[in-house]
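Secondary and tertiary structure notes
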Number of protein chains: 2
Amino acid sequence: MTGSPTEQRLRAAAFELFEQQGYDATTVESIAERAGVGRTTFFRAFGSKEDVIFPDHTDVLARVRQRLAASSAAETPAAVTEAARLVLRRYLDEGDLARARYRLTRTIPALRSREIAHLQQYQQEFRDHIRRWTGEEPGADLRAELMASSVVVAHNHVLRRWLRGLTEDPEREFDAAMAQVLRTHAPSAPTEIAGDDAGAGAGARGTTVVVLRSPVDADAVLPALRRALAQAEGSEGNGPATGPVLTS
Amino acid sequence: MTGSPTEQRLRAAAFELFEQQGYDATTVESIAERAGVGRTTFFRAFGSKEDVIFPDHTDVLARVRQRLAASSAAETPAAVTEAARLVLRRYLDEGDLARARYRLTRTIPALRSREIAHLQQYQQEFRDHIRRWTGEEPGADLRAELMASSVVVAHNHVLRRWLRGLTEDPEREFDAAMAQVLRTHAPSAPTEIAGDDAGAGAGARGTTVVVLRSPVDADAVLPALRRALAQAEGSEGNGPATGPVLTS
DNA sequence: ACAGATATGGTACTCAGTACCATCGAGCGA
DNA sequence: TCGCTCGATGGTACTGAGTACCATATCTGT
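Definitions and limits used
Residues numbered from 1 in each chain as written. Chains lettered and ligands numbered in written order. Predicted model: local features only at pLDDT ≥ 70, side-chain atom pairs only at ≥ 80, totals over all residues. Heavy atoms only, no water. Helix = DSSP H or I, 4+ residues; strand = E, 2+ residues; numbered from the N terminus. Buried < 20%, exposed > 50% of the residue type's maximum accessible area, 1.4 Å probe, protein only. Contact = heavy atoms within 4.5 Å. Near = heavy atom within 4 Å. Polar contact = N/O pair within 3.5 Å; in protein donor to acceptor, adjacent residues only side chain to side chain. Nonpolar A, V, L, I, M, F, W, Y, C, P; charged D, E, K, R; others polar. Expected span 1.5 Å × (residues − 1). Salt bridge = Lys/Arg side-chain N within 4 Å of Asp/Glu carboxyl O. Axes fitted to C-alpha atoms, helices over the stretch in contact; angles between N-to-C directions. Parallel < 35°, antiparallel > 145°, perpendicular 65-115°, else oblique. Left-handed = near helix turned anticlockwise from the far one by under 90°. pLDDT = per-residue confidence, 0-100. Phe/Tyr/Trp six-rings, centres within 6.5 Å; stacked < 30°, edge-to-face > 60°. Lys, Arg positive; Asp, Glu negative; His and termini not counted.

Scanning chain A from terminus to terminus reveals 11 helices and two strands. When the elements of chain A are put in sequence order from the N terminus, they spell out α-α-α-α-α-α-α-α-α-α-β-α-β. Taken across its 248 residues, chain A has 50% of its residues classed as buried. Considering only contacts in chain A between residues 6 or more positions apart, those separated by 24 or more positions represent 60%.

It is worth spelling out the protein's contact with DNA strand C at this point. Residues in contact with DNA strand C amount to 16 residues; listed here are only the nearest, A:Arg39, A:Lys49, B:Gly38, B:Thr40 and B:Thr41. Here a base nitrogen of DNA strand C and a side-chain polar atom of B:Arg44 are 3.1 Å apart. Elements with a minimum of two residues in the surface near DNA strand C: α3 (39–45) of chain A together with α3 (39–45) of chain B. Per-class residue counts for the surface near DNA strand C are three nonpolar, nine polar and four charged.

Here we come to the environment of A:Ile31. Residue and element names in this part refer to chain A. Relative to the helices and strands, Ile31 resides in helix α2 (residues 28–35). A C-alpha to C-alpha distance of 9.6 Å links Ile31 and Lys49, two positions 18 residues apart in sequence. If near-sequence neighbours (up to four positions away) are discounted, Ile31 is found in contact with Leu10, Ala13, Ala14, Leu17, Phe18, Thr26 and Phe42.

Time to look at helix α7 (residues 109–131) of chain B. Spanning 23 residues, α7(B) covers 32 Å between terminal C-alpha atoms, matching the ideal 33 Å at 1.5 Å per step. The set of residues buried in α7(B) consists of B:Leu111, B:Ser113, B:Ile116, B:Ala117, B:His118, B:Leu119, B:Tyr122, B:Gln123, B:Glu125, B:Phe126, B:His129 and B:Ile130. On its buried face, α7(B) is in contact with α7 (109–131) and α8 (140–163) of chain A together with α4 (57–69), α5 (76–94), α6 (96–107) and α8 (140–163) of chain B.

Okay, the pattern of salt bridges next. Residue and element names in this part refer to chain A. Scanning the model with the defined rule gives 34 salt bridges over all chains in all. Glu171 is the partner of Arg85 in a salt bridge, and the nearest nitrogen-oxygen pair spans 3.1 Å. Note that Arg85 is positioned in helix α5 (residues 76–94) and Glu171 in helix α9 (residues 170–185), a separation of 86 residues in sequence. According to the relative accessible area criterion, Arg85 is buried, its value standing at 11%. Close ionic contact of Arg85 with Asp175 constitutes a salt bridge, the shortest N to O distance being 3.0 Å. You can see Arg85 sitting in helix α5 and its partner Asp175 sitting in helix α9, a full 90 residues away along the chain. Residue classification places Asp175 among the partly exposed residues on the basis of a relative accessible area of 36%. Several salt bridges share partner residues, and in doing so they unite Glu82, Arg85, Arg89, Glu171 and Asp175 into one network.

So, about the protein's contact with DNA strand D. The environment of DNA strand D is formed by 16 residues, the closest being A:Gly38, A:Thr40, A:Thr41, B:Arg39 and B:Lys49. Counted by atom, the contact set of DNA strand D within 4 Å of the protein is 45% sugar and phosphate. Here A:Arg44 contributes a side-chain N or O atom positioned 3.0 Å from a base nitrogen of DNA strand D. Contact between DNA strand D and B:Val28: a phosphate oxygen at 3.3 Å from a main-chain N or O atom of the residue. Looking at which element gives the most residues to the surface near DNA strand D, the answer is α3(A), with four residues.

All names here are of chain B. Packing of helix α1 (residues 5–21) against α6 brings their axes to within 11 Å, and their N-to-C directions diverge by 45°. Taken together, the axes of α1 and α6 are oblique relative to one another. Considering only the axes of α1 and α6, their crossing is left-handed. Within the contact between the two elements, α1 uses Phe15, Phe18 and Glu19 and α6 uses Leu97, Ala100, Arg101, Arg103 and Leu104. For the contact of α1 with α6, the per-class residue count stands at five nonpolar, no polar and three charged.

A word on the confidence of the model for chain A. Residue-level pLDDT values for chain A average 82, and 75% of them are 70 or greater. Residue range residues 189–248 of chain A is modelled with pLDDT below 50. Its contacts to residues more than four positions away, or to other chains, number 165 contacts.

Another point: the environment of B:His129. All names here are of chain B. Counting through the fold element by element, His129 comes out in helix α7. C-alpha separation for the pair His129 and Ala79, spaced 50 residues apart in sequence, amounts to 9.4 Å. In this view, His129 contacts Leu68, Ser71, Thr76, Ala79 and Val80; residues no more than four positions away in its chain are not counted.

All names here are of chain B. All chains considered together, the criterion is met by six aromatic pairs over all chains. Here the aromatic rings of Phe18 and Tyr23 are separated by 4.8 Å at their centres, their planes lie at 55°, and the arrangement is tilted. Taken as a pair, Phe18 and Tyr23 share a single burial class, namely buried. Geometrically, the ring pair formed by Phe42 and Phe46 is tilted, given 5.6 Å between the ring centres and 50° between the ring planes.

Residue and element names in this part refer to chain A. Tracing the backbone shows Lys49 in the loop between α3 and α4 (57–69). Although Lys49 is buried, it forms no salt bridge, and the closest oppositely charged side chain is Asp24 at an N-O distance of 5.1 Å. Apart from the residues within four sequence positions on either side, Lys49 is in contact with Phe18, Tyr23, Asp24, Thr26, Val28 and Phe42.

So, on to the environment of B:Trp162. Residue and element names in this part refer to chain B. With respect to the helices, strands and loops of the structure, Trp162 is situated in helix α8. Considering only alpha carbons, one finds Trp162 and Glu173, 11 residues apart in sequence, at a separation of 9.7 Å. Setting aside chain neighbours within four positions, we find Trp162 in contact with Tyr91, Leu92, Gly95, Ala98, Arg99, Thr167 and Pro170.

So, in structure tokens, the structure goes:
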């Protein structure tokens, strides 16, 4: 929520009119008029009609970049997690404003498109930073891209749940979601798992081989097994990653 | 490359002018003029100036949807792979046209944004389809989103390498990338199991080896697994016969 | 040849975004 | 106090995308 008083009045006017009359039916001139300024001032403050509902995206992006740059390569998983949390917190702090924006971005294609473009920018920052961490083997580029997109998706998943009022504790869900992402993309999970399987070595996550002699086939029991595992892991709130199933 | 002769001429004219003068410096009127038609015809053929360089995105999206819809839930990994391959092939078939588009989308923000929006549409199709496959445990939504985004990222990674001339065999790289994605997101390899089990017969007393990866160790989850198995078999009236459980 | 459907062309309009210039007020030095 | 600059603002005029509407042509089957 940065900006001069004029900018704040323009933003408020824009959100009000967009909600009342719809985005397309609202002209920049009417926004400026309601804010008591000229049309020119609007375009000087925000480059376009779309930008007025994404007030400080540039700031947040800069903060993310800065947070990432301030970390060493070895801390990458933690740095990425904290950078993503930074973005999440910014939305949470906005409260109803974020919800109003969500209502608009869900409805108006142009705004949705713009928001997706913003997410892509975050993703690229993450990718570039992660890339220095994924080493030099072939496939390192792809691994960095996969991890970056997963981080953004996890963030967005939780954010959207909060925007829809489906969660009371978004930060907890964020932690769980990020833990799940890191479990599959980081060679070893940062803190929790390290203690448990200390001796296991590179794989870091325990591999459990269950040999079943039973008349039911694998597909039938897998869901039940997964559910059981999920409960056993429950405190971490993450689904288990189930490996290959072989039958003989 | 669908469309009437008029549309083809318009596309060709648009690409030529965009390359020569740049996107912003080219007016729709000049495109229409070069194609020998009126400005109105341009907007009838393509809804906007941006759309002219994404000729048949709607078609491809429809094909993807159709390919996914034609598959059962059990085939999800294979169906998603093939649907993504369909998109890749479409680009490869375009050849230089795809490269010309890439040159534009890399440069002009509006076009880049539009392309990202298209990718998002693919991703949503994948997500919705995968969602039916990820079961009902908590976290299934997120898992579907993660897998969908990973598929799109893997596809795009290979596509971009091809567009930049960094690979001679994009399909091979695509297979490798998709294999990597499925390894982390699909519980089991797609096709093998179905084939293996085919002859075993429904009632056969097979031995099933289930490999589970989870951060908790086997002893902790074993009781839960036994209970889950007992319930699964319970409905069929057979006692559970769980063999040895090994951890590594 | 006639009637209707379809593709096209033209005209006029709205509105976002840009460029340019004029104005106003605050601060500041002489 | 006068005059100056500087930053923010307002106004005007322009380009160009996109839309609405109507007129015309071409093609179809009868």
